[in-house]
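One letter stands for each residue in the lines below.
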Amino acid sequence: MLKTQRKPYENAQDLLKVYRAAFEKAKYLKDDDEKLLAFNEVIDYCAKSKTCVEEDTKKRNQVLFWTYNNIGDIFALKNTVEANDENYVYALEYYKNAMEFLSAEIDKKPILEKMAHIYLELQDEKMWRKTLEQIALNEDDELKRQAFVELSNTTDDAKLKAQYLEIALNYITYENVSFLQKCKNTLNICEILLSIYEQNDAKTDYERIKTLQTNTLELLN
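Residues numbered from 1 in each chain as written. Predicted model: local features only at pLDDT ≥ 70, side-chain atom pairs only at ≥ 80, totals over all residues. Heavy atoms only, no water.

**Q** Outline the side chain of threonine 155, supporting the account with residue identities and numerical values.
**A** On the secondary structure map, threonine 155 appears in the loop between helix H8 (141-152) and helix H9 (158-170). For threonine 155, the side chain forms a polar contact with the main-chain nitrogen of aspartate 157, separated by 3.0 Å. When residues no more than four places from it in sequence are discounted, the contact partners of threonine 155 are Arg129, Leu160, Lys161 and Tyr164. (Helix = DSSP H or I, 4+ residues; strand = E, 2+ residues; numbered from the N terminus. Polar contact = N/O pair within 3.5 Å; in protein donor to acceptor, adjacent residues only side chain to side chain. Contact = heavy atoms within 4.5 Å.)

**Q** Describe the nonpolar core, and please don't skip the residues or the numbers.
**A** Among the nonpolar cores identified, the biggest contains 62 residues, and Leu15, Met115, Ile189 and Leu193 are the most heavily contacted of them. Residue contributions to this core peak at 8 residues, all from helix H4 (residues 58-81). Other than its neighbours up to four places away in sequence, leucine 15 contacts Tyr9, Val42, Tyr45, Cys46, Cys52, Arg60, Val63 and Leu64. (Core = buried A, V, L, I, M, F, W, Y, C linked by side-chain atoms within 4.5 Å. Buried < 20%, exposed > 50% of the residue type's maximum accessible area, 1.4 Å probe, protein only.)

**Q** Describe the environment of lysine 108, naming the residues involved and giving the relevant values.
**A** With respect to the secondary-structure elements, lysine 108 resides in the loop between helix H5 (85-99) and helix H6 (109-121). C-alpha separation for the pair lysine 108 and glutamate 139, spaced 31 residues apart in sequence, amounts to 9.9 Å. Ignoring any residue separated from it by four or fewer positions in sequence, one finds lysine 108 in contact with Met99, Leu102 and Asn138.

**Q** Just give me the short version of the packing of aromatic side chains, but keep the residues and values in it.
**A** Throughout the structure, instances matching the rule amount to 9 aromatic pairs. By the ring-pair criterion, three or more aromatic residues cluster together here, those being Tyr68, Phe75, Tyr90, Tyr94 and Phe101. (Phe/Tyr/Trp six-rings, centres within 6.5 Å; stacked < 30°, edge-to-face > 60°.)

**Q** Lay out unusual backbone geometry in plain terms, naming residues and giving numbers.
**A** Outside of glycine, negative phi angles account for most residues, and trans bonds account for most peptide bonds. Positioned with a positive phi, glutamine 123 is a non-glycine residue whose angle comes to about 60 degrees. Looking at where glutamine 123 falls in the secondary structure, it is placed in the loop between H6 and helix H7 (125-138). Positive phi, normally seen in glycine, also occurs at aspartate 201, with a value near 55 degrees. In this structure, aspartate 201 sits in the loop between helix H10 (179-199) and helix H11 (203-220).

**Q** I'd love a proper account of the state of the cysteines, names of residues and values included.
**A** If you walk through the whole model with that rule in mind, you get 1 disulfide. A disulfide bridge connects cysteine 46 with cysteine 52, and the sulfur atoms are separated by 2.0 Å. Judged by the sign of its S-S torsion, about -100 degrees, the cystine formed by cysteine 46 and cysteine 52 is left-handed. Cysteine 183 forms no disulfide, and the closest cysteine sulfur to it belongs to cysteine 190, at a distance of 10 Å. (Disulfide = S-S within 2.5 Å.)

**Q** Describe H5, listing the residues and the values that go with them.
**A** When the terminal C-alpha atoms of H5 are compared, their 21 Å separation across 15 residues agrees well with the 21 Å that a helix rising 1.5 Å per residue should span. Taken as a whole, H5 has its buried residues at Asn87, Tyr88, Ala91, Leu92, Tyr94, Tyr95, Asn97, Ala98 and Met99. Lining the buried residues of H5 we find helix H2 (32-47), H4 and H6. Capping of H5 at its N-terminal end is provided by asparagine 84; its side-chain oxygen lies 2.9 Å from the backbone amide nitrogen of glutamate 86. (Expected span 1.5 Å × (residues − 1).)

**Q** A description of H10 should follow, citing residues and the corresponding values.
**A** Between its terminal C-alpha atoms H10 stretches 31 Å, which fits the 30 Å expected from 21 residues at 1.5 Å a residue. Buried within H10 we find Cys183, Asn185, Thr186, Leu187, Ile189, Cys190, Leu193, Leu194, Ile196 and Tyr197. Buried-residue contacts for H10 involve H8, H9 and H11. Positive phi appears at aspartate 201, one or two residues downstream of H10, with a value of about 55 degrees.

**Q** Before we move on, can you summarise the side chain of arginine 60 with the specific residues and values?
**A** With respect to the element layout, arginine 60 can be found in helix H4. Buried and unpaired, arginine 60 has aspartate 56 as its nearest opposite-charge partner, separated by 4.7 Å. (Lys, Arg positive; Asp, Glu negative; His and termini not counted. Salt bridge = Lys/Arg side-chain N within 4 Å of Asp/Glu carboxyl O.)

**Q** A description of the pattern of salt bridges should follow, citing residues and the corresponding values.
**A** Under the counting rule described, the total for this entry stands at 11 salt bridges. In this structure, lysine 25 engages glutamate 41 in a salt bridge whose closest nitrogen and oxygen atoms are separated by 3.5 Å. You can see lysine 25 sitting in helix H1 (residues 12-27) and its partner glutamate 41 sitting in helix H2, a full 16 residues away along the chain. With relative accessibility at 30%, the residue glutamate 41 sits in the partly exposed group. Arginine 208 is the salt-bridge partner of aspartate 205, the closest N and O atoms lying 2.9 Å from each other.

**Q** Give a detailed account of the environment of alanine 26, specifying residues and quantitative values.
**A** Along the chain, alanine 26 falls in helix H1. For alanine 26, a relative accessible area of 6% gives the class buried. Remark: the alpha-carbon pair of alanine 26 and leucine 36, spanning 10 residues in sequence, is separated by 8.0 Å. Other than its neighbours up to four places away in sequence, alanine 26 contacts Lys35, Ala38 and Phe39.

Here is the structure:
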């Protein structure tokens, strides 16, 4: 039986049609390797076209993001059936590729969260923490205070905890909350930092935070 010839790439709409066909095909396949082959058809189709490779349009980037993300998900899910660190390594590679086609940093959060989970499973604490830090940094400014406070709760390392809380302090003014709440958030962080700096005999840092605490309390009176 002759294989139907697919027309050459002309624009992102053609790539979208190829993706939709691959998605529908993969949806009914039970074998993960066959699903991978289906989505790889999209990547191969684009790779064979100089126009597609060099094109930088929203639609083309979105289709390639979907494709790489789906492949990453398949490799990650394979580990629930056959435990193999290689599957996670491939998943990470495809997630990184997927993020290259996202223009907004905030849109990368779901991918970074999946990557952080994989690093945790691989017991790669360095990359796990680095990914969590990237997630926090990619948040909108009004959410960064909360993100870094939560990040500080993931470590028992006093120095690292203090670093996260110091960053959190810098973003309190950006939060969309009342002046009173901003003061309370400041005091909560100051209390933890004072304890850390006192225990580590960091006198200069202790005095700096103590001054901030005092000034904030005065604003409340």
